[in-house]
Amino acid sequence: MVTTEKPDYKVVGTRPIRHDGVDKVIGRAEYGADIRLPGMLPGAVLRSPHAHARILGIDTSRAEAHPGVRAVVTSADFPSRQGEEGEVGRADNVLAHDKVLYVGHAVAAVAAVDLHTAEDALDLIDVQYEVLPHVMDVRDAMLDGAPILDEKLRTANPDGSQGDTPTNVAQHIRYEKGDVEAGFAAADLVIEREYGTTMAHQGYIEPHNSTAYWSKDDEVTIWTSTQGLFAVRDAVAGMLGLPVKSVKVEPVEIGGGFGGKIPDYLSAPAALLSRKTGKPVQLTMSRKDVLEATGPTSGTHLRVKIGAKRDGTFTAMQAWMAYEAGGYPGSPMGAGTMCVFAPYDCENQLIDGYDVILNKPKTAAYRAPGAPASEYGAECVIDELAEALDRDPLELRMQNSATEGTQRADGFTYGPIGHEECLQAAQDSPHYQSELSGANRGRGVASGFWFNIGFETSMAAQVQADGTVPLVMGAVDIGGSRASAAMQLAEALGIAAEDVKPHIVDTDSVGFTFLTGGSRTAFANGWAAYECAMDIRRQLEERAATIWDCAGEDVSYGDDGVIRGPNDEDGAAQEFSFKELAAELPNTGGGIVGRADVSKTSHGPAFATHIVDVEVDPETGKVEILRYTAIQDAGTAIHPSYVEGQMQGGASQGIGMALNEEYIWDEKGRMVNSSLLDYRMPTALDLPMIDTIIVEVPNPGHPYGVRGVGEVPIVPPAPALHAAIYDAIGERMRMLPMSPTRILERTLPDDD
Amino acid sequence: MSDKIIVSATINDEPTDMLVSQRDSLLEALRAAAGALGVKEGCNDGNCGACSVMLDGRLVNSCLVMAAEVEGSEITTVEGIADADHLHPLQQAFLEEAALQCGICTPGFLVAAKALLDENPDPSEHEIRYWLAGNLCRCTGYDKIVRAVQQAAAGTT
Amino acid sequence: MQELRYAKVGSVDDAVAALQEGGPTARVLAGGTDIIVQARARARDIDLLVDVKGIDEVMQLSFDADGGLTVGAATPCYQIYGDAAVREHYPALIDCTTLIGGTGIQGRASLGGNLCNSSPSGDSLPVMYVLEATAELAGPGGRRTVPAEDFCTGPGRNVMQPGEFLVSLHFPPPAPNSGAAFLRFIPRNEMDIAVVNAATQLRFDGDAVSWARVSIGATAPTPLLVPEAAAALVGRPLSDESIAAAAAASKAAARPIADMRGSIKQRKHLAAVYTQRTIAIAADRARG
């Protein structure tokens, strides 16, 4: 670990066993598909075989008459088709209304006595389609004359105006800083390149699922694998036309999400089926459904141009990028445009981004959404600049690094940030200091940036008479956030992490809490836990004052967990340990609950630098990773093991995206590799140990300096691998994934 | 509904009768008819390992076994790994090494890793990675999983 | 609507009878790693699975130095690669059985299943071809023996007649001074379907190659034997030139399709590369 200055924490920075761990290693942890309710019916979803078609009619009568079928629903069963326009719950994406916009688009759902019967009944639903021309490439979709998905769509222009003709370009964003033309004119060297990335999936191992029960008094309860209990509640209430108080979402464990479990696909249809049947209904996706019909990240097309002086100073940076949104607007283009040059300080920048709809599944967030693509383009050009200028690539980045006070093109000005510290740690690392030798071997480095976010978070903690503290929260735990919240509460109370028991509770039992995403949870939960603890400390001070019969201001709660009062009549010191005072609570006025509802904007940006060594088999184009080091500014690592885990997991997803993962389509717009056999995520045998160096430049906007760690590690792998492959075999791979097929395409002679 | 049969097997040392459809997989039967909900479905075609169980002493993907096939067999799932009193060393090592994040793949990894150590108590890193290549984890990048297996093998938990 | 029945049989005759009665929608269930997926996907009409794992002959594994190796059609991979005689005498079978699927798949998957699935990319098929394996079939008309290389007739298609099923595979004993090897190319290091695979067996008489077989997979509707590649090797000591000629022959013989797993150019190129690489390993093994 590389740490600047850190207070002497007792719990923060230690590695306790996570509170929810035992249930997960003995198979008892309850995930969404494990929900079993009396009378529960399984269901299945009918999906579009067409990439683009008008729905002329749906006849469900044969399916409804099939023995064992209990109900069939279509979009006509929605009381309204309002929902939210955002990605969380778009009714048309949950059950198609007038058009299907991609293969896999849900059209109808069936509940039956068993799953096989429900699946069989799908064949009995007659959907009349008018098949329309489809468009699958983002550049094709932007052309005049491209098949139009939504006749009503007009481009939202950067100046706030609307386009006046039907289009697939939903939005054009532009960020401008300084004078990019003058900047390029002042450069000694300008490099401009085009890049492409393909649609890629989050690849969580747990398929989506939802179980819903619609009671006779129109109260709906939902159990679903989601990153946002409240997000599902609000989306479902909107789609079903119910008051928010009538929808309750129960917490279940979530088997991975990475952004892909922010949108909800199954809860509203399950609820509609439950209303029709009077029984709880459970819908689960197959792996094929997950790949074809949930929200992967966008494929993109990028042009990046950077100018530099001979001494290495960047004089101008320009990017043009088009993001596939899928069937409905809302790609991560906005974040991609803000991130593209975010690690660097450059006076002159011009960034254009386009959000483009086309006949692919509606994209969703995926770990640092939008950033892996845009920063891949920028980092690859920087690697070429370093080569052309004969500079060490880390040193060139250091020379141009953003620092405190640097303003991004989108206007945001950084506080204290840790990019330079990451670069320095990379430079000093045993990995970078080592020699790499051997034929067809190469080393690459790259940096990455992600914002991190804050938003609403609610918690309540109650002090028990034995000094233990149950803690309830509303943020879904996707990989250890219960532990980090409990540790921060324990730190603030001066007690042991093991004395706190964190729970995630239903949406009626805790205040509104934003979803788990944006690397926000350790940050925002930490704030809430801290404020909960401060609330408890104030109340315990008052209670002690009552017991000691002194003024409240004469009692102080120390960070060591000792409550100190004025000396007694004999002049002896009066103090309680946390446990001693807790034991007094029942007889001195009852229990104490600490509460917090926070919405902090003081989140701290995260930077990372990765180093990778590869060996490329020139005869096969296969890239073997020999060594990998991930360096990242975590602000403060609350539980270093889980910070390392995020860095390693993010790196491995980035490696997958860089080397082998892609959506492959046939001419009819069908995904042809929708299985984990052919959608090739890294196996244990594809990766080496992933070394980590945690840099700690504390975020001044957090009581323990937390920044958030989950997302940025997915950003550097692709450009680092690009650089390493180039170093190994002299080929610049500008299309992701850099698969053996693509590498051989470049290296084999034409007549081979 | 007429195709239902009763399959009797020993599941985690308990003789169990499962009422199943003839077209149910062992995965479906374990979850629906035997209550072994620790056995997870990730892909249903043998490519993720989340449904790994031991069948008559052999590691298998339970999604690729028909329920009807296991009549008279012995099956161990993640629920059967620990003693009544303590966790299996692998379970303890997974906790200590933070070898799980979301936890959905963990039951399959534990069953597979136990099968490995039963057969090869001192595997190399490569042997661990090779043996576990049929179990996908999307959260950890495998580093801490491999370390946990190494730790359990070394008997240091 | 599809029903799926399960029947377990205890003898070859019972299996033949069950398959005959079941007609074209009946299938043999061995390891199940392909057939269960196919039955579930409803890609094929399958309504009866006849489980043959209760038949001793179908689960056997026996070797003797004179007669060779007999492997039951449903004998799982792990048993094959765990067998000392196989390890000693048929390393090419170790090559392929240790990389079919993950460990869990290897607990069930069988050579017989791989052959009956008749996929152009089946990883054990080139090994069977170069080891001169024969398949023993039982059917309503009795038993017959088919050379492995004559078994597949197209993707998913083979010579088996209605009511017939594969009982076992037989591998002749390895000739003196012989060696064989198998390799495949996949984008990951495990779990993938071969983009191209290849196997070679060489026999030496002194320095000269006296006999050779080369087979490549995933380059045509069925795995291919490449006699031209063998011819380029036989009758002379191995040399860079003869190996290159054999590799070129494989490339010329390959007539692959482009699909999600690879391009035509890539597959033709890899057919040459993997021919060359398996020749090198086979030669090393032959020389002990």
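Residues numbered from 1 in each chain as written. Chains lettered and ligands numbered in written order. Predicted model: local features only at pLDDT ≥ 70, side-chain atom pairs only at ≥ 80, totals over all residues. Heavy atoms only, no water.

## Some remarks on the interface of chain B and chain A
Definition in use: By definition in these notes, contact holds between two residues if any of their heavy atoms fall within 4.5 Å. Reported buried area values correspond to the accessible surface (1.4 Å probe) lost by two parts on association, with both partners' losses combined. Here a salt bridge means any side-chain nitrogen of Lys or Arg lying within 4 Å of a carboxyl oxygen belonging to Asp or Glu. Contacts described as polar in this section are N or O atom pairs within 3.5 Å, which, within protein, must combine one atom able to donate a hydrogen with one able to accept it, while residues neighboring in sequence count only if both atoms come from side chains. We count a stretch as a helix when DSSP gives it H or I for four or more residues in a row; a strand needs E for two or more, and each element gets its number in order from the N terminus. When residue character is reported, Ala, Val, Leu, Ile, Met, Phe, Trp, Tyr, Cys and Pro are called nonpolar, Asp, Glu, Lys and Arg charged, and the others, Gly included, polar.
Chain B puts 50 residues into the contact, and the matching count from chain A is 56 residues. Between chain B and chain A lies a buried interface of about 4300 Å² when both sides are counted; carbon and sulfur atoms form 59% of it. The three residues of chain B that bury the most area against chain A are Leu95, Gln101 and Arg138 of chain B, which together make up 20% of that side's buried surface. The shortest N-O distance in the salt bridge between Lys40 of chain B and Asp34 of chain A comes to 2.4 Å. At the boundary of chain B and chain A, one finds 24 residue pairs in polar contact (both at pLDDT 80 or more). Looking at the side of chain B that touches chain A, the elements with two or more residues in it are α1 (26-32), α2 (89-96), α3 (106-119), α4 (125-131) and α5 (143-154) of chain B. The residue makeup of the side of chain B that touches chain A, split by class, is 22 nonpolar, 13 polar and 15 charged.

## Re helix α11 (residues 371-388) of chain A
Residue and element names in this part refer to chain A. What counts is decided by this rule: What a helix is expected to span follows from its residue count: subtract one and scale by 1.5 Å. With a 1.4 Å probe rolled over the protein chains alone, any residue whose accessible area is under 20% of its type maximum counts as buried; one over 50% counts as exposed, and the rest are partly exposed.
For α11, spanning 18 residues, the distance from its first C-alpha to its last is 25 Å, which sits close to the expected 26 Å at 1.5 Å a residue. Buried residues dominate α11, accounting for 16 of its 18 residues. Just beyond α11, the residue with positive phi is Asp390, at close to 55 degrees.

## A few points about the side chain of Asn61 of chain B
Residue placement: Asn61 of chain B occurs in strand β4 (residues 58-61). Of the polar contacts made by the side chain of Asn61 of chain B, one reaches the backbone nitrogen of Ile105 of chain C; its length is 3.3 Å. If sequence neighbours within four positions are ignored, Asn61 of chain B has contacts with Gly46, Gly49, Cys51 and Ser52 of chain B together with Gly104 and Ile105 of chain C.

## Section: unusual backbone geometry
Looking along the chain, the bond that leaves Leu736 of chain A and enters Pro737 of chain A is cis, with omega of -10 degrees. You can see Pro737 of chain A is positioned in the loop between α19 (717-729) and α20 (740-747). With a phi angle near 55 degrees, Ser118 of chain C is a residue other than glycine that sits in the positive phi range. Topologically, Ser118 of chain C is positioned in the loop between α7 (111-117) and α8 (125-130). Accessibility expressed as a relative area gives 1% for Ser118 of chain C, which makes it buried. Non-glycine residue Asn177 of chain C carries a positive phi angle of around 55 degrees. Inspection of the secondary structure assignment puts Asn177 of chain C in the loop between β10 (165-171) and β11 (178-185).

## So, the interface of chain C and chain A
Accessible area lost during the coming together of the parts is what is often quoted as the interface size. Listed per partner, the contact involves 24 residues of chain C and 31 residues of chain A. Each partner contributes to the roughly 2500 Å² buried at the junction of chain C and chain A, and carbon and sulfur atoms together form 51% of this total. Considering only the surface of chain C that becomes buried against chain A, Arg188, Met260 and Lys265 of chain C emerge as the three largest contributors, covering 27% of it. Between the two partners, chain C and chain A, sit four salt bridges. For Asp678 of chain A, the salt bridge identified is with Arg261 of chain C, shortest N-O distance 2.6 Å. At the boundary of chain C with chain A, the tally comes to 14 residue pairs in polar contact (both at pLDDT 80 or more). Among the elements that make up the side of chain C that touches chain A, the one with the highest residue count is helix α11 (residues 264-286) of chain C (seven residues). Here the side of chain C that touches chain A is built from residues that sort into 10 nonpolar, six polar and eight charged.

## Quick look at the domain arrangement of chain A
Residue and element names in this part refer to chain A. We apply this condition: For the domain bounds, the source is a domain assignment made automatically or taken from a database.
Each domain of chain A was delimited in the assignment, giving domain 1 (11-16 + 456-594) and domain 2 (415-452 + 604-752). Spacing between the C-alpha centres of domain 1 and domain 2 amounts to 39 Å. In this complex, domain 1 contributes 19 residues to the contact, which on the side of domain 2 involves 22 residues. When the buried surface of domain 1 facing domain 2 is broken down by residue, Arg15, Ser519 and Phe523 rank first, second and third, together holding 36% of it. The partner of Glu644 in a salt bridge is Arg15, and the shortest N-O contact between them spans 3.0 Å. Going through the elements one at a time, α15 (481-493) and α16 (521-548) are the ones with two or more residues in the side of domain 1 that touches domain 2. Here the side of domain 1 that touches domain 2 is composed, by residue class, of nine nonpolar, eight polar and two charged.

## Observations regarding the environment of Phe78 of chain A
All names here are of chain A. For Phe78, the location among the structural elements is in the loop between β4 (69-74) and α3 (91-94). For Phe78, a relative accessible area of 6% corresponds to the buried category. Sequence separation of Phe78 and Ile743 is 665 residues, and the distance between their C-alpha atoms is 49 Å. When neighbours within four sequence positions are excluded, Phe78 is seen to be in contact with Ala91, Val94, Leu95, Met239, Leu240, Ala268 and Leu272.

## Structural notes on the packing of aromatic side chains
Residue and element names in this part refer to chain A. Let me state the cut-off plainly: For Phe, Tyr and Trp, where Trp contributes only its six-membered ring, two rings pair if their centres lie within 6.5 Å, and the inter-plane angle classes them as stacked under 30 degrees, edge-to-face over 60, or tilted in between. Whether a charge sits over a ring depends on NZ of Lys or CZ of Arg being within 6 Å of the ring centre and within 35 degrees of the ring normal.
Considering all chains together, one arrives at 21 aromatic pairs over all chains under this definition. Between Tyr530 and Tyr704 the ring centres are 6.0 Å apart and the planes differ by 85 degrees, which places this aromatic pair in the edge-to-face class. Remark: Tyr704 occurs in the loop between β27 (690-696) and α19 and Tyr530 occurs in helix α16; sequence separation between them is 174 residues. Assessed through its relative accessible area of 7%, Tyr704 is described here as buried. One cation-aromatic arrangement involves Arg275 over Trp214; the distance from NZ or CZ to the ring centre is 4.5 Å. Its guanidinium or amino end placed over the ring of Phe184, Lys305 lies 4.4 Å from that ring's centre, counting from NZ or CZ.

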